Amino acid sequence: MEEAQRSLLLSSAARFPPPEGARLSYGTAGFRADASLLRSTVFRAGILAALRALKTRSVIGLMITASHNKVSDNGVKISDPSGEMLSQDWEPFADSLAAAPTADRLLEVVAEFAGLQRIEFDGGKVEVLVGRDTRPSGPSLLEAAKLGIGSIIGAVAVDVGILTTPQLHWMVRASNRSTQASEFDYLEQLSRSFRLVSWCLMDLIPGGSESNKKNDKLVVDGANGVGGEKLLVLKEMLNLKDLEIEVWNSGREGGVLNEGVGADFVQKEKVVPSGFGLQDVGIRCASLDGDADRLVYFTVPSYSNKIELVDGDKILSLFAVFIKEQLSILNKEAGASTEDGYQPRIGIVQTAYANGASTDYLKQLGLEVVLTPTGVKYLHHKATQYDIGIYFEANGHGTILFSEPFLHWLDAKNSELSSVAEGCSEQQKAASRLLAVSKLINPAVGDALSGMLLVEAILQYEGWSIHRWSQLYHDLPSKQLKVKVADRTAVVTANAETEVVKPPGIQEAINAETAKYPKGRCFIRPSGTEDVIRVYAEASTQDAADSLANSVAQLVDKFLGHSSS
Ligand code: 16G
Ligand code: MG
C-alpha cells in the first residue's frame, strides 16, 4: 500500500471512531443497530465495499437499511457482483474492521487483509452503488458510506438513491452483466415481464384465454416504507386492467415505518396491520417488509383482528406446484424433449422454521426438499445448485433461481417446438410460461415486488382464490419464543439448526420433551440479529405447541442460565 493511500485512510478513519461500548458484528444480514451508533460502522462498511470492488474488479453494492426493525434502527449490508450477499469468507474481516479501536489499528487490519487477499491498490477505477431505504438516518449514513468508499483510491461511490434492497441487488447484478441497470430499467423489466407472464399464462391457458380474466383486487400493506412507494410507481407503469392493486401504508400517508405494519409484524403477530379493517374483509391482501425483500399474504376475517396468514411456505408451495405442472406438460408426449435426455433437477430449499405440513406437502409432490440454516445467504447458495432452485423462508424471503444451462435448454426447446408445431402446442406453451417466469422473478435475491406479481399471475392462471391457495395444506400449530441468556454463542447447532451440539445434554433433554407430543417438533438456535436464543415448537394442537415451546424455553434457562441484563 502506497503512502498516499495510507495517509488517506488514516485521515478519514480518524473522523469515525467506533462507538464506545458497542461491538457490532456483520450478523445474518449485515450490521444492524440503533442508527446513532452506526456512522463509524457504515464508514468502515464503505471501505470494505471498496476493497471488495477492487478485489473482484466489479461493481459492488452497499445498502443502508434495517429492514423490518424499528425506524430508529438502521443497518448496512453489502451485495456481491452477482447480486448475492457478501461472500461469507469476508465476514470476519467486516467484524475486525468495525471493531478496530483506532485509525492506526484500522490501517493495520486493512493492510493485513489486503495482503492476504492480494488486493492491488493500483488506483484502477471501481464503483460501489450505494442505496438506502426511507429511514430518516439514511442521508447522514450515506455520507459516511461515501467517505469510506472514497478513502480507497480509485473507488467511486455512486449514490443510487432510495431503493428497495432487491432493487439494489438487481442493479449490481445488471451492472456487472453490462445490461441496462438503472432503477427505471428494473421497473421496466418488471412491468414488461409481468405483461409477458400474463400473456403467456392467460392467453396460453389450455382451452381459451378469457375465462380466467376477471377484474380482481389486491390490497397491499407497504409497511410505511420504500416498497409501498415503489409499488405505487410500478402500478402506474403496469396500467393493469384485470387486477386492481390498492396500496395502504405506502409511506405517503405519514405512518411510522414498520410500526404495527409490514410483513414481519403480520407474520409474527398474525394480527391485522394498521390501516386495514372491515373494508378489507375477505379480500386478498399482501404485506411487504421495510425494505421489500419479504412478502406474505393474508386475509382479514370479519369476526376477529387475527388474520389468516398465507406465509412464505405457501408462496413456495404455489411456485413449486406451478413449475412442476409446467415441467410435466413439457415432458409429456415429449418425443422431442426426452430425445436429448435432459431432466432438469428441481430443488426446494427451506429452513427448520418451515411448517412441517409444508415440507410434507412438497415431499408428497415428489419434490426434493433440503434444509439450510436461517438467512438468505444460505438458502440462496443452496438453490444455485439446482436447475430450478426454489427457496423461501416462512417469513417471506425467497425467490426462484434458474440455472443458465437450464435457460439455454428451455430457449432452444421453445424455438424447436415452435418450428415443428402447427399453431402453439401445449409443450411450447409450457416452455414459454417458464421462460416468462424466469424473466419476472428477481434472480439476485428474494424480492417482494416481483414475487407478488408472480403470485398474482399464477393465481389467475390456476383460477384460485387466496382461500383455495391457502388450502393446499393446513399448517401445524406452532409457537416461537425467545429466551435471554448470558451468552447466546454457547449454543452451537448442526444439521441446519435442527440439532444442538453444545451445550452437551440439552439436545437429549429437548428430544425427551418433544417425544411427549403427537407430531411434536422443536429446535433452538441463537438469533443472528438479536441477543437471544430462539425456540420453535410445532405440535398437533396450539396448546401442545405452546406447552412444548414453554418447556424447552425452561430447558434453555436451566442449561444456559438467565441473562443478568
Ligand atoms: C435476517 C435475515 C433473514 C432471517 C432473519 C433471522 C437476510 C436478508 N435476512 O432478517 O433471512 O430469517 O435474519 O433472524 O438474510 P434471527 O437470526 O434473529 O432469527
Ligand atoms: Mg427485509
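Quick caveat: nothing in here was measured; it's all calculated off a predicted structure.

Let's talk about the coordination of the magnesium ion (ligand 2)
- Protein coordination of the magnesium ion (ligand 2) is provided by Ser 67 (OG), Asp 289 (OD), Asp 291 (OD) and Asp 293 (OD), with donor distances spanning 2.0 to 2.2 Å.
- Positions of the donor residues of the magnesium ion (ligand 2), expressed as sequence spacing, correspond to S-x221-D-x1-D-x1-D. A residue pair is termed long-range when its members are at least 10 positions apart, and Ser 67 in the loop between strand 2 (60–64) and strand 3 (73–79) and Asp 293 in the loop between strand 8 (284–288) and strand 9 (295–299) qualify at 226 residues. Assigned by exposure class, Ser 67 and Asp 293 land together as buried.

Quick look at the pattern of salt bridges
- Going through the model one piece at a time under the given rule, you end up with 29 salt bridges.
- Between Arg 534 and Glu 530 there is a salt bridge, and its shortest N-O distance comes to 3.0 Å.
- Since its relative accessible area comes to 15%, Arg 534 is described here as buried.
- Residue classification places Glu 530 among the partly exposed residues on the basis of a relative accessible area of 30%.

Digging into the domain arrangement of the chain
- Considered domain by domain, the chain is made up of domain 1 (3–162), domain 2 (188–310), domain 3 (313–424 + 435–443) and domain 4 (478–560).
- A separation of 34 Å is found between the C-alpha centroids of domain 2 and domain 4.

Looking at the packing of aromatic side chains
- Counted under the stated rule, the structure contains 16 aromatic pairs.
- A ring pair is formed by Trp 90 and Phe 113, whose centres lie 4.8 Å apart and whose planes are at 90°; its orientation type is edge-to-face. Separated by 23 residues along the polypeptide, Trp 90 in the loop between strand 3 and helix 3 (91–99) and Phe 113 in helix 4 (residues 103–116) bring together distant segments of the chain. Side by side, Trp 90 and Phe 113 carry an identical accessibility label, which is buried.
- Aromatic pair Tyr 353 and Tyr 536: ring centres 5.7 Å apart, planes at 90°, arrangement edge-to-face. Pair noted here: Tyr 353 is in the loop between strand 11 (346–350) and helix 12 (356–364) and Tyr 536 is in strand 19 (residues 533–538), with a separation of 183 residues, a long-range link.
- Classification of Tyr 536 as buried rests on a relative accessible area of 3%.
- Connected via pairs of aromatic rings, a cluster forms that spans Trp 90, Phe 93 and Phe 113.
- Its end group placed over the ring of Trp 464, Arg 468 keeps NZ or CZ at 4.4 Å from the ring centre.

Things to note about the sheet that holds strand 6 (residues 216–221)
- Reading across the sheet, the five strands line up as 7-6-8-9-10 and stay open at both edges, with mixed pairing between neighbours. The open sheet has two free edges, formed respectively by strand 7 (243–248) and strand 10 (308–310), since each of these has just one partner strand. On average, each strand axis in the sheet is tilted by 30° relative to the strand beside it, whichever way the strands run.
- Note: strand 9 against strand 10, three bridges, orientation antiparallel. The residue bridging Thr 299 from the neighbouring strand is Glu 308, located in strand 10.

Some remarks on the environment of Asp 216
- Inspection of the secondary structure assignment puts Asp 216 in strand 6.
- Considered as a pair, Asp 216 and Ile 323 are 107 residues apart in the sequence and their alpha carbons are 23 Å apart.

Examining the site of ligand 1
- Taken together, the neighbourhood of ligand 1 is formed by 18 residues, with Glu 393, Ser 527, Gly 528, Thr 529 and Arg 534 sitting nearest.
- Protein contacts shield 94% of the accessible area of ligand 1, which totals 460 Å² for the unbound molecule.
- Residue classes in the shell around ligand 1 are distributed as three nonpolar, nine polar and six charged.

Focus: the sheet that holds strand 1 (residues 31–34)
- Read across the sheet, five strands follow the order 1-3-2-4-5 without closing on themselves; strand pairing throughout is mixed. Strands with a single pairing partner mark the edges of an open sheet, and in this sheet they are strand 1 and strand 5 (155–162). Mean inter-strand twist for the sheet, computed between neighbouring axes without regard to direction, equals 15°.
- Bridging between strand 2 and strand 4 (residues 126–132) involves five bridges; their strand directions are parallel. Across the sheet, the residue bridging to Gly 61 is Leu 129, located in strand 4.

A look at the pairing of strand 7
- The pairing of strand 6 with strand 7 spans six bridges and is classified as parallel. Along strand 7, the bridge assignment pairs Val 220 with Val 247.
- Regarding the hand of the β-α-β motif, the stretch spanning strand 6, helix 8 (residues 226–238) and strand 7 is right-handed.

Considerations on helix 14 (residues 404–420)
- When the terminal C-alpha atoms of helix 14 are compared, their 25 Å separation across 17 residues agrees well with the 24 Å that a helix rising 1.5 Å per residue should span.
- Residues of helix 14 that are buried: Phe 406, Trp 409, Leu 410, Lys 413, Asn 414 and Leu 417. Along the axis of helix 14, the buried positions cluster into a sector of 140°, meaning they face one direction only. Turned more than 90 degrees away from the buried face of helix 14 sit Pro 405, His 408 and Ser 419, all of them exposed.

Here's the deal with the packing of helix 18 (residues 506–514) against helix 19 (residues 542–560)
- Where helix 18 meets helix 19, the axes come as close as 10 Å, and the angle between the chain directions of the two elements is 160°. Put simply, helix 18 runs roughly antiparallel to helix 19. Handedness of the helix 18/helix 19 crossing: right-handed. Counting all contacts with helix 18, which are made through Ile 506, Ala 509, Ile 510, Glu 513 and Thr 514, the residues of helix 19 involved are Leu 548, Ser 551, Val 552, Leu 555, Val 556, Phe 559 and Leu 560.
- Class assignment for the residues of the contact of helix 18 with helix 19 results in nine nonpolar, two polar and one charged.

What counts as what
- Residues numbered from 1 in each chain as written.
- Chains lettered and ligands numbered in written order.
- Predicted model: local features only at pLDDT ≥ 70, side-chain atom pairs only at ≥ 80, totals over all residues.
- Heavy atoms only, no water.
- Donors = N, O, S within 2.8 Å, 3.2 Å for Na, K, Ca; no water.
- Helix = DSSP H or I, 4+ residues; strand = E, 2+ residues; numbered from the N terminus.
- Buried < 20%, exposed > 50% of the residue type's maximum accessible area, 1.4 Å probe, protein only.
- Salt bridge = Lys/Arg side-chain N within 4 Å of Asp/Glu carboxyl O.
- Domains from an automatic or database assignment.
- Phe/Tyr/Trp six-rings, centres within 6.5 Å; stacked < 30°, edge-to-face > 60°.
- Lys NZ or Arg CZ within 6 Å of the ring centre and 35° of its normal.
- Pairing = 2+ DSSP bridges.
- Axes fitted to C-alpha atoms, helices over the stretch in contact; angles between N-to-C directions.
- Near = heavy atom within 4 Å.
- Areas by Shrake-Rupley, 256 points an atom, 1.4 Å probe, with all protein chains shown as cover.
- Nonpolar A, V, L, I, M, F, W, Y, C, P; charged D, E, K, R; others polar.
- Right-handed = clockwise from strand over helix to strand, strands pointing away.
- Expected span 1.5 Å × (residues − 1).
- Arc of directions from axis to C-beta.
- Parallel < 35°, antiparallel > 145°, perpendicular 65-115°, else oblique.
- Left-handed = near helix turned anticlockwise from the far one by under 90°.
- Contact = heavy atoms within 4.5 Å.

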